[in-house]
Structures are given as C-alpha cells and as structure tokens.
Amino acid sequence: MNNMKRWRTALAVGLMAQGGFAAAAAFSDQEVQRGAYLARAGDCVACHTAPGGKPFVGGLKMDMPIGAIYSTNITPDKTHGIGNYSFEQFDRAVRHGVAPGGKHLYPAMPYPSYVRVNQADMKALYAYFMQGVPPDATPNRKADMVWPMTIRWPLVIWNVLFVRDTTFAPDPKQSAQWNRGAYLVEGLGHCGSCHTPRGLFFQEKALSSRGPKGDVYLTGSQVEHWFATNLRGNCMQKWTAGEIAELLQTGKTANFTALGSMTEVISHSTQHLKPEDLQAMAVYIKSLKPSLTQQTPASTDSATVQRGGAIYNQHCVACHQANGQGLAQVFPGLSKNATVQCSDPNNSIRVVLAGGSTVVTEKAPTSMVMPPFAQSLNDQQVADVVTYIRATWGNGASAATPEQVKALRQAIIKD
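A quick note: this is a predicted structure, and the numbers were derived from the prediction, not measured.

I keep staring at the pattern of salt bridges and nothing clicks. Help me out?
Oppositely charged side chains can pair when the atoms bearing their charge come close. Considering all chains together, one arrives at 9 salt bridges under this definition. Among the ionic pairs, aspartate 121 bridges to arginine 34, the shortest N-O distance being 2.3 Å. Taken together, the residues span a long stretch of sequence, with aspartate 121 in helix α6 (residues 119–131) and arginine 34 in helix α2 (residues 29–41) at a distance of 87 residues. You can call aspartate 121 buried: its relative accessible area is 4%. One salt-bridge network, held together by shared partners, links Arg116, Glu186 and Arg210.

Spelled out as structure tokens, the structure:
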C-alpha cells in the first residue's frame, strides 16, 4: 500500500471515529480519480494555491474593485479547510457561492459557471477533496478591505440579478460531442469568466451562448491588463477545431502561442484533459455564431511604417523573420497571427513591453522566452513597431498609439 492509500484509509477511519461524513470510507479509488480529473477541468489549483505554496491551501491574492481577497484553504483540514463540510454544504459553496453559516462568497469564485455542474460530477469532486487531497492546517487570510466593503449581504441581491440556478441541460438538437464541449466550456472550464465582457456590477453579460444575451458570450474581455480573446471573432473563425484543441493541449500551434493568464490555464488544467474532451470543447467553440469586429485600418503613414520597420529589423527579425513567418513550433509567426490581428492592440503592446515565455506542457516541454523591451523602447517606439507589425504581411489591424502604450506601461509597473 503506497503512502497516499495509507493516508486515505487513515482519514476515512478518522472521519468515522470523529463522527464525520461516514460515507467518506465508501469513496472508491475510481471515484476519487474521477474527481481529481474534474478538479483539473475546473482548474481549482490555480486559484487556491499561492505562488510557491502548497496545492489547495489558498492564499492567492485576488484584486477586486473593492479591495483584495485571498483564496481559501480547500484541503480537508477540519479547522482551516473544508474537512467538516457535508456534501450538501460543499455543493452549496461551489455551485451557489454560499459557505456554511450562510456566508456569501465573492464572485471571484466562479460559481455562476459551476452551477452548471451536475450532481454526479459534484459528488466525484467532493470525494476527491475529502479523500484525495492531504489536509493542511494553513490558516485563511483576511481580505484587505475596510468596512463597509466587507459587508456581504448585497451579494444576495447580486446573485438574484445575475446568477441562474440551473444545471447544464443537453441540447437534443446537438451531438453528444457538442453537448460535452458545451458542458465543459460553460461549466467547470468557466471559460466565460475571462472571455465574456463584464457589466457595470462586474457580472458576466452572458453565461451561455444559448441564454439571455448569448450573442456576447465569449466575445472577449480585459483581464489583468490582457485582452482575453474574442473566441467568436474574425481571427478565431479561421481556426479549425483541431487547432483549438492543439492550443489547449500544448499552448501553441504552428504560428500562435498562448499568452498571459491562458498559459496558467493550459499548464494547470487543459493540457491534462483527455483528447476527446479537448476536441469536444473545440467543436462547441467553433459552432458559435460569429461575432465579428470591424477594425480601423492600421496607419499607412510612411514615417510610422519606416520607424516601426527599422525597430522591427533591429530587435525582432532574428526570431520572427523578415517575412513575419517566424519558425514553426518555436517562434510564432506574426503574419495573420490571432494576437496581432486582435481588434484590441493591448496584447501586442504588452508582449513588447514585458516579454513573456511559452507554457511548458507534456507535449511541448521546452519554453521559449521573449525578452522585454520596456527599458529600451519608449512609448512612441513601442507604438510604431506594434503598428508596423499589425499593418504588415496582410494583417491589416488597427494602429497602436503612444497613449495606449503609456497607460499599459503604467499599469504593469503598478502591478
């Protein structure tokens, strides 16, 4: 018997001896393993793990308009974790945002999406967190807020206005593959949390492509000074379902590389999903009605093009090549690249300013690093080279401005 099995057996016996959830002893290895897979699909570890910390013990800082909160300990520790939760309490917290004692959770916890998860999957998740995760007594951190921002009763009103209380219902007009993809994207995957625009009260403007305002679902949003791509936009419409699945598994395609928070999603979650689940998610995304954006053509001012081209030749051409084609699976091509052609130049500007690295996955174990140019290029120079890239090789995207560069530079420094 390995150490994990010894620990799980001891935990089950301890729960019964202490009057805990007696059924914990009945959780099979298969159910716990299934729960572990679903926790991967939900990317639970990403939010409930602090940088350099132990998995699921919480402490990750999340900045909100009203202050900062810290993710909680969701190990089965009985004092600081969720070890005393019944299944009903666990389900109410995850799917409805209400912790034991009636404490309402902030919607940084994506319960508006998790409400779509069915009961069978919730029970498997409960089995995993109660029997497959080692308990840890790390205390939870208090929110960095001052009264009255700490008052939570307004969340009751927020939930009534913006959260629906329905599990996922398969669409009989669609295939089993499509329905599986929709279930993962709209539910555990909570893709809309980043890729759907937010309203005045920080609510997602749509929670499904089939619900109210479904035409804005997954049409892109600003997240942590990145623009989460419009998955129904001009550029994504050119992708095949196979390319989308490849990106979710490896973090890259022949001429595209994942950026920003999406690298964490791929690292912690989607690379570990079954190929058939990734393909189902891709099929669902590809099926959505296009939401195309009109762009103002990039500046053709000869001075801008000349300045931007000179900067590109000095700093970028070695990796991305003079023709913008890059090197397949190594340096992403910039010609007709979804990031470069995005209606919002934000991501291109940020990459030039702050650089970045590709995600490390089992299928793509080598990370490539792009250096930052914030120190060597001023706002005008960054705007010029980004505009050049967005105007060249058939991209035809809108120009970047020095004002946009300045605002993003200041935001990155502040963070």
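The structure having been displayed, the exposition proceeds.
For this particular structure, what's the right way to read the nonpolar core?
One broad rule of soluble globular proteins: the nonpolar side chains tend to lie buried together. Core analysis: the biggest nonpolar cluster contains 64 residues, and Phe56, Phe90, Leu125, Phe129, Val185 and Tyr284 have the highest contact counts within it. Secondary-structure elements contributing two or more residues to this core are α2, α3 (44–47), α4 (87–96), α5 (111–114), α6, α8 (176–186), α10 (241–250) and α12 (275–287). Take this core: its biggest share by element is 8 residues, from α6. Setting aside residues no more than four positions away along its own chain, valine 185 makes contact with His190, Cys191, Tyr217, Leu218, Met281, Tyr284 and Ile285. Listed in part, the 20 residues of the second largest apolar core include Leu334, Val340, Trp393 and Leu408.

How should the side chain of threonine 361 be read in this particular structure?
The topology assignment puts threonine 361 in the loop between β9 (356–357) and β10 (369–370). A polar contact of 3.5 Å, which involves the side chain of threonine 361, links it to the backbone oxygen of threonine 250. Within the local environment of threonine 361, its side chain forms a polar contact with the backbone nitrogen of alanine 364, the two atoms lying 2.9 Å apart. In this view, threonine 361 contacts Gln249, Thr250, Ile266 and Gln271; residues no more than four positions away in its chain are not counted.

So what exactly am I meant to see when it comes to the state of the cysteines here?
Cysteine pairs can be covalently joined through their sulfur atoms, and such a bond is termed a disulfide. One pass over the structure, following the stated rule, counts 0 disulfides. Left unpaired, cysteine 316 is separated from the closest cysteine sulfur, that of cysteine 319, by 8.7 Å. Judged by relative accessible area, cysteine 316 falls into the buried class, the value being 12%.

Which parts of the structure should I look at to understand the packing of aromatic side chains?
Describing an aromatic ring pair means giving the distance of the ring centres and the angle of the ring planes. Tallied over the entire structure, the rule returns 15 aromatic pairs. With a centroid separation of 5.5 Å and an interplanar angle of 65°, the aromatic rings of tryptophan 158 and phenylalanine 162 are classed as edge-to-face. Residue tryptophan 158 and its partner phenylalanine 162 are both found in helix α7 (residues 154–162); the two are separated by 4 residues, about one turn of the helix. You can call tryptophan 158 buried: its relative accessible area is 11%. A relative accessible area of 22% means that phenylalanine 162 is categorised as partly exposed. Taken together through their ring pairs, the aromatic side chains of Phe27, Phe56, Phe87, Phe90, Tyr126, Tyr128 and Phe129 make up a single cluster. Directly above the aromatic system of tyrosine 70 lies the positively charged group of arginine 141, at a separation of 4.0 Å from the ring centroid. Residue placement shows lysine 274 over the ring face of tyrosine 37; its charged tip is 5.2 Å from the ring centre.

Scoring rules and cut-offs
Residues numbered from 1 in each chain as written. Predicted model: local features only at pLDDT ≥ 70, side-chain atom pairs only at ≥ 80, totals over all residues. Heavy atoms only, no water. Salt bridge = Lys/Arg side-chain N within 4 Å of Asp/Glu carboxyl O. Helix = DSSP H or I, 4+ residues; strand = E, 2+ residues; numbered from the N terminus. Buried < 20%, exposed > 50% of the residue type's maximum accessible area, 1.4 Å probe, protein only. Core = buried A, V, L, I, M, F, W, Y, C linked by side-chain atoms within 4.5 Å. Contact = heavy atoms within 4.5 Å. Polar contact = N/O pair within 3.5 Å; in protein donor to acceptor, adjacent residues only side chain to side chain. Disulfide = S-S within 2.5 Å. Phe/Tyr/Trp six-rings, centres within 6.5 Å; stacked < 30°, edge-to-face > 60°. Lys NZ or Arg CZ within 6 Å of the ring centre and 35° of its normal.

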